[in-house]
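As a plain string of letters, each chain reads:
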Amino acid sequence: AGAASFYDFIEGDNAHKKAYVCNGSSCLCAGTQDKVTTLLETHFDKTEIGHVACLGRCHENSAFQIKGDNYSGKDIHQLDAIVKKAHQTNEHYQVVAVTSKPILTEKPQSIELFYNEFFHQAQTQSESELLHIIIDSNLRGRGGAGFPTGIKWQACAKAPSQQKYIVCNADEGDPGAFSDRYLLEQNPHLVLLGMLVAGFLVGANTGVLYIRDEYPESITKTEQAISEFNTVFSNHEFSKQFAFQFKIIRGAGAYICGEETALLRSIEGQRPIVSTRPPFPVTSGLYGEPTVLNNVETFAAVPWILKHGANAFKQKGNGRSTGTKLLSLDSAFNQPGIYEVDMGVPLEQVIEQAGGFSKPIKALHIGGPLGGLVPVAKIKDLTVDFESFQSQHFLLGHASIIGIPESMPLIEYARHLFEFTAMESCGKCFPCRLGATRGEEMINDAINQKNKINESLLRDLLETMQFGSLCALGGGVPLPLYNMLEHFYDEFVPYLTTAKSERIAITEVN
């Protein structure tokens, strides 16, 4: 009961609803959800409608879920048929490779040949040789942290244990992001083979995919892909040399499970709260055993690297950020969807490729709720890589891109971010649990003209959250708030007690 009460879809006021309305950042900025709620209330009682942080339908918004199925865009006008199970979603988005050699958007021509190529390679090259290909490629984690993948795998390989695990973090909860969903639904074998390779190189025989409950299509497509893998694997002699099995764990509505230690606790059936590190998962992870934990996109890049070599992968990028990256572009663009680009490409070029903006935009929120808020004027200064974003005090993160319209007051967006953090905090550390709640209260009081915000107190709060939180949820949300105060200070002046002439210096965020 203690673990069950943590999850939004198992216990509490938001559990077991007939319909859910997306209240993620992209749908908020698109302004579509009031209409969605109004139309749903013509078919359901208000008590039968809940909310969900994001359904990954950011490319067309108007997102909602009915009886476990996701819908968006024009689907809202087919409610009669949807309720009768007589309508399937008409979802469609662009999948564009802005690169001469696609890595993540090119589907295998033959599933059997796709796996057999690795089986042959594994029988002709040693684990050490294959591992050093991954290390030499400088593939860095695509979930946001950017840690070198090969180094992580090497540490797990060296950890002494008879039992090890490979875990795929498919809890893509960042509003605005749907690149992992794309891979699981349209290219799942890239992910499965990447996990299989990791298992072979570190000595693990079990791969666990933790897929968020909000992605029912991803779960169905991945289950089908695992069945196809099992058929190919069982019919090849390599399976006699190396045993490997996949298992899917379904989330239940908790954003914090995107944090690796909370995710591992969730798989174990414990309450998914963040753990202090060290020890790190590579030495003590799932059930206390050495564990490789990477996100969907990281695993998906591995098959191409082994097939084409480390140098071919390093030729894309700037040397430190290598390979390609998937970007999720929401409905603020004329051609929203998934874009695969070489690391290091100018962000401005990507926006041009997507046909520019579909409406007047004043900023881009890149990298999820914990990512940086990039003013339109700064777009020209950024390239798609970890170093460029860090140098400008932003964050590439998961590379989701949400357009914030000129008509949206940023004080409202700030309230949304604090509200999201307060709702999704695991509650283990005070800076996140209390800080987000206090931040939400401060913003609400200012908007409702109850009390203006003491700027010094707000900055103290952000600093406490940034440096005192256990994980990136409480520690990351100050970044977009700092960006707002730096680049859009004039918007906040009416809500602050501090006059602009007395403004405190901006705290540098690394």
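Bear in mind that the values here come from a model prediction, so they are computed numbers and not experimental data. (Residues numbered from 1 in each chain as written. Predicted model: local features only at pLDDT ≥ 70, side-chain atom pairs only at ≥ 80, totals over all residues. Heavy atoms only, no water.)

A short note on the overall build of the protein
(1) Moving on: Within the protein, the regular secondary structure consists of 21 helices and 14 strands.
(2) Moving on: Computed over its C-alpha atoms, the radius of gyration of the protein comes to 23 Å, within 12% of the 24 Å expected for a compact globule of 510 residues.
(3) Moving on: With the C-alpha coordinates of the protein rotated into their principal frame, the extents come out at 70 × 55 × 50 Å.
(4) Moving on: In the protein, buried positions account for 58% of the 510 residues.
(5) Moving on: By sequence separation, contacts in the protein at least 24 residues apart represent 71% of the contacts at least 6 residues apart.
(6) Moving on: Total accessible area on the protein is roughly 20200 Å²; 48% of this is exposed by carbon and sulfur atoms.
(7) Moving on: In the protein, which carries 43 positive and 57 negative side-chain charges, the distance between the mean positions of the two groups comes to 1 Å. (Helix = DSSP H or I, 4+ residues; strand = E, 2+ residues; numbered from the N terminus. Rg over C-alpha atoms; globule rule 2.2 N^0.38 Å. Buried < 20%, exposed > 50% of the residue type's maximum accessible area, 1.4 Å probe, protein only. Contact = heavy atoms within 4.5 Å. Areas by Shrake-Rupley, 256 points an atom, 1.4 Å probe, with all protein chains shown as cover. Lys, Arg positive; Asp, Glu negative; His and termini not counted. Charge placed at Lys NZ, Arg CZ, Asp CG, Glu CD.)

A word on the pairing of strand β14 (residues 400–405)
(1) Moving on: With respect to burial, β14 is a largely interior element, six of its six residues being buried.
(2) Moving on: Side-chain alternation along β14 places Ser400, Ile402 and Ile404 on one buried face and Ile401, Gly403 and Pro405 on a second face that is also buried.
(3) Moving on: Inspection of the sheet shows strand β10 (residues 324–329) paired to β14 by two bridges, in the parallel sense. Residue pairing across strands places leucine 329 opposite isoleucine 401, the latter belonging to β14.
(4) Moving on: For strand β12 (residues 361–366) and β14, the ladder comprises five bridges, and the chain directions are antiparallel. In the sheet register, leucine 364 faces β14, and the bridge partner there is glycine 403. (Pairing = 2+ DSSP bridges.)

Let's talk about the pattern of salt bridges
(1) Moving on: Going through the model one piece at a time under the given rule, you end up with 21 salt bridges.
(2) Moving on: Between arginine 415 and glutamate 412 there is a salt bridge, and its shortest N-O distance comes to 2.5 Å. Taken together, the positions of arginine 415 and glutamate 412, both in helix α16 (residues 410–424) and three residues apart, correspond to about one turn of that helix.
(3) Moving on: Here glutamate 455 ties to arginine 459 by a salt bridge, and the two come within 3.1 Å at their closest N and O atoms. (Salt bridge = Lys/Arg side-chain N within 4 Å of Asp/Glu carboxyl O.)

Concerning the sheet that holds strand β5 (residues 94–98)
(1) Moving on: The strand order across the open sheet formed by six strands is β5-β11-β10-β14-β12-β13, and the pairing between neighbours is mixed. Single-partner strands in this sheet number two, and they are β5 and β13 (372–375). Strand-to-strand, the axes of this sheet are offset by a mean angle of 25°, without reference to chain direction.
(2) Moving on: Two elements, β10 and strand β11 (residues 337–342), share six bridges in a ladder whose sense is antiparallel. Counterpart to serine 328 in the pairing with β11 is isoleucine 338.
(3) Moving on: The strands touched by helix α20 (residues 478–487) within the sheet are β12 and β13, with β13 carrying the most contacts at an inclination of about 25°. (Axes fitted to C-alpha atoms, helices over the stretch in contact; angles between N-to-C directions.)

What about the side chain of histidine 236?
(1) Moving on: In this fold, histidine 236 is placed in the loop between α9 (216–234) and α10 (238–241).
(2) Moving on: According to the relative accessible area criterion, histidine 236 is buried, its value standing at 16%.
(3) Moving on: Aside from chain neighbours lying at most four places away, what touches histidine 236 is Asn116, Phe119 and Gln123.

A short note on the environment of proline 272
(1) Moving on: With respect to the helices, strands and loops of the structure, proline 272 is situated in the loop between α11 (260–267) and β9 (291–295).
(2) Moving on: Taking the C-alpha atoms as reference points, proline 272 and phenylalanine 233, 39 residues apart in sequence, are found 33 Å from one another.
(3) Moving on: Setting aside anything within four residues of it in sequence, one finds proline 272 in contact with Phe6, Tyr7, Ile256, Cys257, Ala262, Arg265, Ser266 and Cys426.

What to know about the nonpolar core
(1) Moving on: Of all hydrophobic cores here, the largest spans 65 residues; its most connected members are Phe118, Trp153, Ile166, Leu183, Val191, Leu209 and Phe299.
(2) Moving on: In contact with isoleucine 166, not counting residues within four places along its chain, are Met195, Ala198, Gly199, Val202, Ala204, Thr206, Gly207, Val208, Phe244, Val292 and Phe299. (Core = buried A, V, L, I, M, F, W, Y, C linked by side-chain atoms within 4.5 Å.)

With respect to unusual backbone geometry
(1) Moving on: Cis geometry marks the peptide bond from arginine 277 to proline 278, where omega comes out at 5°.
(2) Moving on: Omega for the bond connecting proline 278 with proline 279 falls within 30 degrees of zero, at 5°, which places this linkage in the cis form.
(3) Moving on: Here proline 279 shows up in the loop between α11 and β9.
(4) Moving on: Here asparagine 61, not a glycine, exhibits a phi torsion of approximately 60°, which is positive.
(5) Moving on: Note on placement: asparagine 61 falls in the loop between β2 (49–52) and β3 (64–66).

Quick notes on the packing of aromatic side chains
(1) Moving on: Counting across every chain of the model gives 24 aromatic pairs.
(2) Moving on: A ring pair is formed by phenylalanine 118 and phenylalanine 238, whose centres lie 6.0 Å apart and whose planes are at 80°; its orientation type is edge-to-face. Here phenylalanine 118 is found in helix α4 (residues 111–124), whereas its partner phenylalanine 238 is found in helix α10, with 120 residues between them in sequence. Across the pair, phenylalanine 238 and phenylalanine 118 agree in class, each one buried. (Phe/Tyr/Trp six-rings, centres within 6.5 Å; stacked < 30°, edge-to-face > 60°.)

Points about the packing of helix α7 (residues 179–186) against helix α12 (residues 296–308)
(1) Moving on: Across the interface, α7 lies against α12 with an axial gap of 9 Å and an inter-helix angle of 50°. The orientation of α7 relative to α12 falls into the category oblique. In terms of crossing hand, the pair formed by α7 and α12 is left-handed. The segment α7 lies against α12, with Ser179, Asp180, Leu183 and Leu184 engaging Val296, Glu297 and Ala300. (Parallel < 35°, antiparallel > 145°, perpendicular 65-115°, else oblique. Left-handed = near helix turned anticlockwise from the far one by under 90°.)

Quick look at the side chain of threonine 32
(1) Moving on: The topology assignment puts threonine 32 in the loop between α1 (25–30) and α2 (33–40).
(2) Moving on: Given a relative accessible area of 18%, threonine 32 falls into the buried group.
(3) Moving on: A polar contact of 2.4 Å, which involves the side chain of threonine 32, links it to the side chain of glutamine 33.
(4) Moving on: In contact with threonine 32, other than residues within four places in its own chain, are Cys27, Asn61 and Ser62. (Polar contact = N/O pair within 3.5 Å; in protein donor to acceptor, adjacent residues only side chain to side chain.)

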